[in-house]
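# A closer look at the structure
Each chain, written out:
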Amino acid sequence: MSLPEFPTQDTVLQLAGPAGALEVAVDFPALDAAQLPVVAVVCHPLSTEGGSLHNKVVTMAARALRELGVPTVRFNFRGVGRSQGNFDHGAGELSDAAAALDWAQSINPDARACWIAGFSFGAWIGMQLLMRRPE
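This is a predicted model, so every value here is computed, not measured.

Enumeration according to the criterion identifies six aromatic pairs in this entry. Between Phe6 and Phe28, the ring centres sit 6.0 Å apart and the planes meet at 85 degrees, which makes this aromatic pair edge-to-face. Pair noted here: Phe6 is in the segment before strand S1 (11-17) and Phe28 is in the loop between strand S2 (20-27) and strand S3 (38-43), with a separation of 22 residues, a long-range link. Both rings, one in Phe75 and one in Phe77, keep their centres 5.0 Å apart while their planes meet at 85 degrees; by these two values the pair is edge-to-face. Neither residue differs from the other here; Phe75 and Phe77 are each classed as buried. Grouping aromatic residues by their ring pairs yields a cluster made of Phe75, Phe77, Phe87, Phe121 and Trp124.

Quick look at the structure:
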């Protein structure tokens, strides 16, 4: 699966991940909002407890970021929704988050910075990702 281009409007797409396709939702600020040169990757809570990119806290965090002018990337960890693979107790999910971050940074020409956000398990994964990639 080749890397899809970064979209120019709200969409759901499939991204090549380490365990197969990852389901990714990209959402943009309202047209009348000043868009910042940033993209935010938002990680969901533990999938074995029902966490997904549709979790209410995740969607509200992404909405708050968009109200600030930040495009958001939410994705399902492996084995959730349309994402392939199986739950991997954090190790594989960290790889999934890295794949989403790599794609958001390398494909989006307007993003000079990338922010990571998450809720519960997603925050834990995000912090691990940031510790490995402090830039």
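Both faces of strand S4 (residues 72-75) are covered, namely the face carrying Thr72 and Arg74 and the face carrying Val73 and Phe75. Both S2 and S4 contribute to a ladder of four bridges, which runs antiparallel. Looking at S4, one finds that Asp27 is bridged to Thr72.

On to the nonpolar core, then. In this structure, Val24, Val41, Val73, Phe75 and Trp103 are the most contacted members of the largest nonpolar core, which totals 27 residues. Residue assignment for this core shows that the elements contributing at least two residues are S1, S2, S3, S4, helix H2 (91-107), strand S5 (113-118) and helix H3 (121-132). Considering every element that reaches this core, the biggest residue donor is H2, with eight residues. Setting aside its immediate chain neighbours within four residues, Val73 contacts Phe6, Val24, Ala25, Val26, Val39, Ala40, Val41, Val42, Trp103 and Ala104. Judged by nonpolar contacts, the second largest core, of seven residues, contains Val58, Ala62, Leu65 and Val70.

Let us look at the environment of Phe77. Looking at the secondary structure, you find Phe77 in the loop between S4 and H2. Between the C-alpha atom of Phe77 and that of His44, which follows or precedes it by 33 residues, the distance is 7.9 Å. Contact partners of Phe77, with chain neighbours within four places excluded, come to Cys43, His44, Ser83, Glu93, Asp96, Ala97, Phe121 and Ile125.

Relative to S2, S1 runs antiparallel, the two sharing seven bridges. Bridge pairing links Leu15 to Leu22 in S2. Between S1 and S2, which pair antiparallel one after the other, the connecting turn spans two residues.

Turning our eyes to something else, we now look at the side chain of Ser47. Following the sequence through the fold, Ser47 ends up in the loop between S3 and helix H1 (56-67). Look past the residues within four positions of Ser47 in its chain and what remains in contact with it is Val80 and Phe87.

Rules used in this analysis
Residues numbered from 1 in each chain as written. Predicted model: local features only at pLDDT ≥ 70, side-chain atom pairs only at ≥ 80, totals over all residues. Heavy atoms only, no water. Phe/Tyr/Trp six-rings, centres within 6.5 Å; stacked < 30°, edge-to-face > 60°. Helix = DSSP H or I, 4+ residues; strand = E, 2+ residues; numbered from the N terminus. Buried < 20%, exposed > 50% of the residue type's maximum accessible area, 1.4 Å probe, protein only. Pairing = 2+ DSSP bridges. Core = buried A, V, L, I, M, F, W, Y, C linked by side-chain atoms within 4.5 Å. Contact = heavy atoms within 4.5 Å.

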